[in-house]
Amino acid sequence: MAVADIVQRDVTKVTVVGVGNVGMACATSILSKRLCRSLVLIDVMGDKLKGEMMDLQHAAAFNPNVDICASTDYANTRNSQICIITAGAKQKSHDESRLALVQSNVELLRKIIPELLKYSPDTLLLVVSNPVDILTYVSWKISGLPASRVLGNGTNLDSSRFRFLISSRMDVSSKNVHGYIIGEHGDSSVPVWSSVNVAGVPLLNFIEKEGLESEAEKINQEVRVYQQDFLTLFHLVRLKQVVKSAYEIIKFKGYTNWAIGASVADIVHSLIRDEKAIHPVSIIAKGRHGIEHDVFLSLPCVLGRNGVLHIVEQTLTENEVLKLKESAQSLWDVVKNVEL
């Protein structure tokens, strides 16, 4: 490990609020990537906190030297560089409205955020709890922090799923597939097909050059039918898989956690190490691509030690802009009714 990495790690403290399946996946991923010198776990369940802390501590011989603290007392979070919020109210019943669930989470965030800022006023807030775009907006409002210091995990994981699904169809590594899902982390998310490429080669060109005629013909057939999106086949099939994949995982195992943990650790890496890497994360989108309201949704952002350094202005097709505005509107329809 480089000396610079050691120095940086030695001064870094990360707090994870919520020790459920997602919170602990975030914690273990952060530990495995050696991203901090001090890790604090916060929750209201004292016994579970103690058990999780002991479990992690017993693996000390296999992990980097990290001080692990688990507590119900926010004083232990003092001077955290990043505070990750995974805690959230669960849906009380199947017929509970989305707004009612959001409002329950607002009450929870009213308790969490002031305590975090009391001890770490210069921290970055990374929201993971769902619905992430709405709760990131709520966190921004409650915190009073600059928008650049409040972000949500957003479609960072959605974009990874997107790249994986395309790469599996093309038989290449997902690391060489470049593409983004933007907008809401949810049903109205928008795949930016116009810029999807494999190693710099536009996807449709790659399909044709690699002799995947059947794929190209299917896409061309869909183009003739729909005309507006030259990758409508993928749009219909692959986007559905991206959006529904979390539901599938929940159906099989009851929850999702490992991929979201890896996604959060990836974002934390870029923030702590000042990577200036680009991630599609949930940020304030007003004024971008004609969006008129104060909504948080995912756009590609350059991340560094000070948070969101700037937003990458993608060149979108008219259809993509329309879908992004629709996504923003669907979020605003909920946000405008939230009582803060």
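For the structure, see preceding data.
A brief structural summary. Computed from a prediction, not measured in an experiment: that's the story for all the values here. (Residues numbered from 1 in each chain as written. Predicted model: local features only at pLDDT ≥ 70, side-chain atom pairs only at ≥ 80, totals over all residues. Heavy atoms only, no water.)

1. Considerations on the pairing of strand S3 (residues 67–71)
Item 1. The pairing of strand S2 (residues 38–42) with S3 spans five bridges and is parallel. Residue pairing across strands places Ser38 opposite Asp67, the latter belonging to S3.
Item 2. Traced from S2 through helix H3 (residues 46–57) to S3, the parallel crossover comes out right-handed. (Pairing = 2+ DSSP bridges. Helix = DSSP H or I, 4+ residues; strand = E, 2+ residues; numbered from the N terminus. Right-handed = clockwise from strand over helix to strand, strands pointing away.)

2. Side note on the pattern of salt bridges
Item 1. Counted by the stated rule, this structure contains seven salt bridges.
Item 2. Each of Asp274, Lys276 and Arg305 takes part in a single network of salt bridges with overlapping partners. (Salt bridge = Lys/Arg side-chain N within 4 Å of Asp/Glu carboxyl O.)

3. Topic: helix H5 (residues 132–143)
Item 1. An ideal rise of 1.5 Å per residue puts 16 Å on twelve residues; H5 measures up with 16 Å between its terminal C-alpha atoms.
Item 2. For H5, a buried count of ten out of twelve residues is recorded, marking the element as mostly surrounded by other parts of the structure.
Item 3. Looking at H5, one finds that the buried residues are Val132, Asp133, Ile134, Leu135, Thr136, Tyr137, Val138, Ser139, Trp140 and Ser143.
Item 4. Gly144 lies just past H5 and shows a positive phi near 75°. (Expected span 1.5 Å × (residues − 1). Buried < 20%, exposed > 50% of the residue type's maximum accessible area, 1.4 Å probe, protein only.)

4. Here we look at the packing of aromatic side chains
Item 1. All told, the structure shown has four aromatic pairs when counted by the stated rule.
Item 2. Taken together, a centroid distance of 5.5 Å and an interplanar angle of 50° make the contact between Trp140 and Phe296 tilted. With Trp140 in helix H5 and Phe296 in strand S13 (residues 296–304), this pair connects stretches of sequence that are 156 residues apart. Grouping residues by exposure puts Trp140 and Phe296 together as buried.
Item 3. Every member of this aromatic cluster is reached through a ring pair, and the members are Tyr137, Trp140 and Phe296. (Phe/Tyr/Trp six-rings, centres within 6.5 Å; stacked < 30°, edge-to-face > 60°.)

Function cannot be inferred from these measures alone, as they are strictly geometric.
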